[in-house]
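Take a look at the letters that make up each chain.
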Amino acid sequence: MRAPDNVGVGNAHATVSFDAWKEGCVGQSEVVVAVEPATPWKPRPVSPQLKATIDLDTGKAVWGLAFHPDGNIVAAADSDSPVVRRWDLAQLREQVAIQTEGGMFSLAYSPDGQTLVTSHFRHEQRRFKENGELVSRNEWDGGITLWDACSGKLNTSLRHIPGRGVCRIALSPDGTTVAAAEVWSEDDGRVQRNQVSLWDVAAGTVRNHLSIDASSIAFACDSPILATASDKVQLWDSTSGKELATLPRPKEHDYPVNSLAFAPDGQTLAGADYRGDLYLWDVPRRTLRLSLKHGEGQHRITGLAFAPDSRTLAGTAGVLGRSESGAVDRLQPQVVFWDAATGEQRTILTAPPGSLVSLVFSPDGKTLATGGVGVVLLWDVADEVKGR
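Here is what the cut-offs are and how they apply
- Residues numbered from 1 in each chain as written.
- Predicted model: local features only at pLDDT ≥ 70, side-chain atom pairs only at ≥ 80, totals over all residues.
- Heavy atoms only, no water.
- Buried < 20%, exposed > 50% of the residue type's maximum accessible area, 1.4 Å probe, protein only.
- Helix = DSSP H or I, 4+ residues; strand = E, 2+ residues; numbered from the N terminus.
- Pairing = 2+ DSSP bridges.
- Axes fitted to C-alpha atoms, helices over the stretch in contact; angles between N-to-C directions.
- Phe/Tyr/Trp six-rings, centres within 6.5 Å; stacked < 30°, edge-to-face > 60°.

**Q** Any chance you could break down the pairing of strand S19 (residues 233–237) for me, citing the residues and the numbers?
**A** A large share of S19 lies buried, amounting to four of its five residues. Direction of pairing for strand S18 (residues 225–229) relative to S19: antiparallel, over a ladder of five bridges. Bridge pairing in S19 links Thr-228 to Gln-234. Following S18, the chain reverses through three residues before pairing antiparallel with S19. Where S19 meets strand S20 (residues 242–246), four bridges bridge the pair, whose relative direction is antiparallel. Bridging from a neighbouring strand, Leu-235 pairs with Ala-245 of S20.

As structure tokens, then:
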């Protein structure tokens, strides 16, 4: 809340009301607001490891990021635009864009680099009066599309009839299975359903499904194990659909896990939540090896990725900046690097003001791409991965 310039400092007694909502009745309330002199917010300097900024000019969060297996191309997509953008990194030249059918939260290249897999969804909320009351209904549509990674031409689509919104996908290490976190409506939009479908790419059919609402999904790099995060973190056999384990967390940690990442050697699964809690599980033993806290209440981890060496874990973290008066008023994100064996924090890189929501390492581990609001940032992280 910004007070007029001629108001002094101290406590202001304000009456808050909401008269615009004609359908209901909201009573007034009185609040006491501290009035402080406005002071300019000074962002921290951006770390010199930032070597390039790619502007998508969309103003939407770039959740979908993927490197081509040869490391020369990065693909990006945001949650609102139906377009996949691709750049040749040697010349920072944009290639022909791929037009999809809706916004995207994730995409992936096949192991041989010949196929780009995208998910898309469309959400519409209808509002109308029913029996004199204002009601809303949600409608979802979407699917999975496989594209020729070179030409950008459509290969095939995987979708239910009627369609379902696909919020997240993960591609198995052999490229034969796509795990998809799906949402759809039943009973004329009155009931929302969620599940993770395990698609057989060659057959174009669902092999199995998991009856969970997953906020994050990830395949192990060396086995058919699939990890999902919902109200709990679980491991599944993606071939049979059988649950293998529910991974433990400290009893006092009940905040939903929103990010998952497997180490390339398959030994460690990392998870994080928006509260800044970070977890490292021993996958073979199904045990919690480390539980860490990043920051002190004003940090939140929005994405995780392991470097190819399996020894370095990186995360994008939002940090609420403070003005000179101490007021929290801006977001300046970080890229944080941890030693995956000890949990020791190695390095923190400061990004430009805004937000970061996703990240992915290049195959050689020397470049890190992070997705923000309408931008992709490319970082030189060779020293960070080596632990320097």
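Next comes the rest of the write-up.
**Q** Before we move on, could you go through unusual backbone geometry and cite the residues and values that matter?
**A** Following Ile-161, the chain continues to Pro-162 via a peptide bond in cis, the omega torsion being -5°. Summarising the element assignment, Pro-162 is placed in the loop between strand S12 (154–158) and strand S13 (165–171). Positive phi, normally seen in glycine, also occurs at Asp-57, with a value near 60°. Relative to the assigned elements, Asp-57 resides in the loop between strand S3 (50–55) and strand S4 (64–67). For Asp-57, a relative accessible area of 69% gives the class exposed. Located in the positive-phi region is Arg-286, a residue other than glycine, with phi close to 60°. Residue position: Arg-286 is located in the loop between strand S23 (277–282) and strand S24 (287–293).

**Q** How would you sum up the sheet that holds strand S9 (residues 107–109)? Please name residues and give values.
**A** Reading across the sheet, the four strands line up as S9-S10-S11-S12 and stay open at both edges, with antiparallel pairing between neighbours. Unpaired on one side and paired on the other, S9 and S12 mark the two borders of the sheet. Direction aside, the axes of adjacent strands within the sheet are offset by 20° on average. By the bridge criterion, three bridges tie S9 to strand S10 (residues 115–130) in an arrangement that is antiparallel. Each bridged residue has a counterpart across the sheet, and for Ala-108 the counterpart in S10 is Val-117.

**Q** Give a description of the packing of aromatic side chains that names residues and reports values.
**A** Remark: the centre distance and the inter-plane angle together describe each pair of aromatic rings, the angle taken between the planes. For the structure on display, the rule yields three aromatic pairs. When the ring of Phe-105 is compared with that of Phe-121, the centres are 5.3 Å apart and the planes differ by 10°; the resulting orientation is stacked. One end of the pair, Phe-105, is in the loop between strand S8 (98–99) and S9; the other, Phe-121, is in strand S10, and 16 residues separate them in sequence. According to the relative accessible area criterion, Phe-121 is buried, its value standing at 12%. The structure contains a cluster of three or more aromatic residues connected by ring pairs, namely Trp-63, Phe-105 and Phe-121.

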